[in-house]
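Read off the chains here:
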Amino acid sequence: MDLRDAAQELYAVTPREFTAERTALVRKAKDAGQKDLAQEIGSLPKPAAGAWAINILAVHKPEVIDGVVRFGISLRAAQEEQDTEAFRELGQQRQSQLTTAVHSARDLAAELGAPLSAAATSDVEQTFRAAMADAGAAAAVRTGRLVRGLSGSGFEAVDLAGAIAAAGPDDEATEATQERSVERSVKKVPPPHAKSTPTSQDTPPKGKAPQQKSSKEEATSLADRRAAKQQAALKEARSEFDVADQTAREAEAAASEAWDTVNALADRRTKLKADIEDLKKRLATLEAELIGVTRDAESAESEKKRAVRAATQQRRAADQAQRRIDRLS
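Parameters at a glance
- Residues numbered from 1 in each chain as written.
- Predicted model: local features only at pLDDT ≥ 70, side-chain atom pairs only at ≥ 80, totals over all residues.
- Heavy atoms only, no water.
- Salt bridge = Lys/Arg side-chain N within 4 Å of Asp/Glu carboxyl O.
- Helix = DSSP H or I, 4+ residues; strand = E, 2+ residues; numbered from the N terminus.
- Buried < 20%, exposed > 50% of the residue type's maximum accessible area, 1.4 Å probe, protein only.
- Axes fitted to C-alpha atoms, helices over the stretch in contact; angles between N-to-C directions.
- Parallel < 35°, antiparallel > 145°, perpendicular 65-115°, else oblique.
- Contact = heavy atoms within 4.5 Å.
- Nonpolar A, V, L, I, M, F, W, Y, C, P; charged D, E, K, R; others polar.

**Student:** An account of the pattern of salt bridges is requested, with residue identities and associated values reported.
**Tutor:** Under the defined criterion, the tally for this structure stands at six salt bridges. With its nearest N and O atoms 3.2 Å apart, the salt bridge here joins R129 to E125. Note that R129 and E125 are positioned in helix α7 (residues 118-133) at a spacing of four residues, about one turn of the helix. Its relative accessible area of 18% is what places R129 among the buried residues. Close ionic contact of E303 with R306 constitutes a salt bridge, the shortest N to O distance being 2.2 Å. Here the residue E303 and the residue R306 both occupy positions in helix α10 (residues 210-328), the gap between them amounting to three residues, near one helical turn. For E303, a relative accessible area of 43% translates into the label partly exposed. Under the relative-accessibility criterion, R306 is labelled partly exposed at 43%.

**Student:** Which residues make up unusual backbone geometry, and what values do they have?
**Tutor:** A positive phi angle is found at Q82, which is not glycine, with a value near 60°. Structurally, the position occupied by Q82 is in the loop between α5 (62-80) and α6 (84-111). Residues other than glycine seldom take positive phi values, yet A166 does so here, at roughly 50°. With respect to the secondary-structure elements, A166 resides in the loop between α8 (135-143) and α9 (170-186).

**Student:** Can you explain the packing of helix α4 (residues 49-60) against α6? Please cite residues and give values.
**Tutor:** One way to put it is that α4 packs onto α6 with a least axis distance of 9 Å and a crossing angle of 90°. In this view, α4 runs roughly perpendicular relative to α6, as classed from their interaxial angle. Seen from α4, the contacting residues are W52, A53, I56, L57 and H60; seen from α6, they are A101, S104, A105, L108 and A109. Residue composition of the contact of α4 with α6, grouped by class: eight nonpolar, two polar and no charged.

Right, dumping it as structure tokens:
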């Protein structure tokens with residue numbers, strides 16, 4: 001067992017099994033008397049969730065990784081050959097290819113008992129996007145030993161520093177061979193009317209070295225390819241900006257509407273509070289008035305009772321006087 005074999009085995013286990021598996025591999029190396037190897041295995045980092053998802057695809061469903069890589073090779077070949085029609089068609093298919101690959105990674109992770117979070121899923125998509133744009137990134141995703149996610153805009157080479165565990169030069173050699181094979185298959189076939197016999201224009205002028213002219217042409221072609229690649233990336237960036245800008249505008253409109261609703265409710269709440277305060281004051285006034293009326297009613301009741309007693313007494317006196325008159329008459 002060497003470090004590459006150990007890493008290949010280690011990065012295929014689930015995240016929750018990683019530490020235990022690494023410990024077991026370290027012990028295995030020590031038992032075999034490979035102390036340096038044991039130390040190297042012990043220093044292998046745990047992969048990010050998105051990187052792990054791509055690693056298990058490389059192990060269990062390599063055809064998914066192969067599809068992403070081959071699509072990226074075709075896309076880059078069309079761009080370098082300035083085949084605008086092919087590049088446009090492939091560009092339209094890219095998001096569909098990405099979505100299919102990401103779904104495969106997410107479904108496989110769930111099957112293995114380690115579902116991906118939204119952030120990890122986004123990391124998987126960014127890594128696949130980088131693999132389509134850059135040959136080095138494509139080589140990295142095929143190793144099955146990815147440590148972290150990758151990102152790239154297409155303008156510059158993807159940063160692979162520390163991205164692959166137990167990395168070696170043959171990780172890129174395999175991808176280079178694959179890319180050359182696919183590039184040959186996508187090159188345009190010369191039109192049937194093209195002459196194979198060299199013309200006077202093909203013959204270099206006397207006194208000039210053919211190699212010198214070839215070098216200039218190659219330099220010009222390389223500059224043209226780089227310019228075309230940059231223009232395509234710029235077009236893609238503008239398209240992504242348009243979508244993002246539209247989404248942002250819709251979100252801003254929704255936020256503005258929500259803000260208006262909040263303001264309206266705040267105004268309504270303020271008015272209701274003011275009404276409640278007015279009603280409280282009115283209630284206090286009415287309660288005070290009720291107390292006064294109650295007191296007056298009690299006083300009136302007492303006065304009524306006195307008046308009734310006085311009237312009764314007076315009636316009795318009048319009755320007595322009437323009876324005396326009756327006796328005297």
